[in-house]
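Structure at a glance
Each chain, written out:
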Amino acid sequence: MSEPSIFTRILEGEIPAEILAETENVFAIRDIAPQAPVHLLVIPKSAAYRDVVELAASDPALMSEMVGLANTLAAEHADGDFRLVFNTGPGAGQTVFHVHAHVLAGGLDEGSLG
Ligand code: 5GP
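In this text the structure is predicted, and so the values were computed from the model without any measurement.

On to the UniProt feature "active site" (unreviewed entry) in the protein chain, then. As annotated by UniProt and renumbered to match this structure, "active site" (unreviewed entry) occupies His-100. By the element assignment, His-100 lies in the loop between β4 (83-85) and β5 (101-105). A count of 28 C-beta atoms within 10 Å places His-100 in the buried class. In contact with His-100, not counting residues within four places along its chain, are Phe-7, Leu-41, Val-42 and Ile-43.

Turning our attention to the nonpolar core. Residues Leu-40, Val-42, Met-66, Leu-69, Ala-70, Leu-73 and Val-103 are the most contacted members of the largest nonpolar core, which totals 24 residues. If you list the elements that add at least two residues to this core, you get α1 (6-11), β2 (26-30), β3 (38-44), α3 (60-77) and β5. Considering each element in turn, this core owes the most residues, six residues, to α3.

The next point concerns the environment of Lys-45. Along the chain, Lys-45 falls in the loop between β3 and α2 (52-58). Placed 19 residues apart in sequence, Lys-45 and Val-26 show a C-alpha to C-alpha distance of 5.2 Å. Once you skip the residues sitting within four places of it in the chain, Lys-45 turns out to touch Leu-11, Asn-25, Val-26 and Phe-27.

Okay, α3 next. In a regular helix each residue adds 1.5 Å, so 18 residues correspond to 26 Å; α3 covers 26 Å between its end C-alpha atoms and thus fits that length. Every buried residue belonging to α3 is among Met-63, Met-66, Leu-69, Ala-70, Leu-73, Ala-74 and His-77, and all of these are buried. For α3, the buried positions fall inside an angular range of 140° around the axis, keeping them on one side. Opposite the buried face of α3, at more than 90 degrees from it, the exposed residues are Pro-60, Ala-61 and Ser-64. As for α3, its buried residues are in contact with β1 (21-22), β2, β3, α2, β4 and β5.

About the thresholds
Residues numbered from 1 in each chain as written. Predicted model: local features only at pLDDT ≥ 70, side-chain atom pairs only at ≥ 80, totals over all residues. UniProt positions renumbered as here; feature names shortened; annotations may be inferred. Helix = DSSP H or I, 4+ residues; strand = E, 2+ residues; numbered from the N terminus. Buried ≥ 20, exposed ≤ 12 C-beta atoms within 10 Å, placed from the backbone. Contact = placed C-beta atoms within 7 Å. Core = buried A, V, L, I, M, F, W, Y, C linked by C-beta atoms within 7 Å. Expected span 1.5 Å × (residues − 1). Arc of directions from axis to C-beta.

In structure tokens:
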């Protein structure tokens, strides 16, 4: 058995973090090291998928639930507009191999990728 991920430990209350919102299968917390005025993490309660590629291939409904919660949170914590980032693989900066989406919002007009 591998060690529980940091996000599982947060969900189970072993590591303190405020659960900002949750749905049946997904929960959200603030990122401990914010990279934007609003930087939240949307995380499946299950650690079954290590990254978004596995998630999308196996459970698109769960991915949709994550996007829906990100949208709700962006409206509650910012003006409704947001970036959704899935770091995928260590070379792209992924450090926690329990899939999660970064929700970045608030004052993002500079540094657009588009
Ligand atoms: P990744 O680098 O895997 O895409 O994202 C993992 C994120 O989890 C990082 O942005 C990091 O700051 C955040 N993180 C790591 N440990 C904790 C923690 O204990 N609490 C919270 N709230 N965020 C964490």
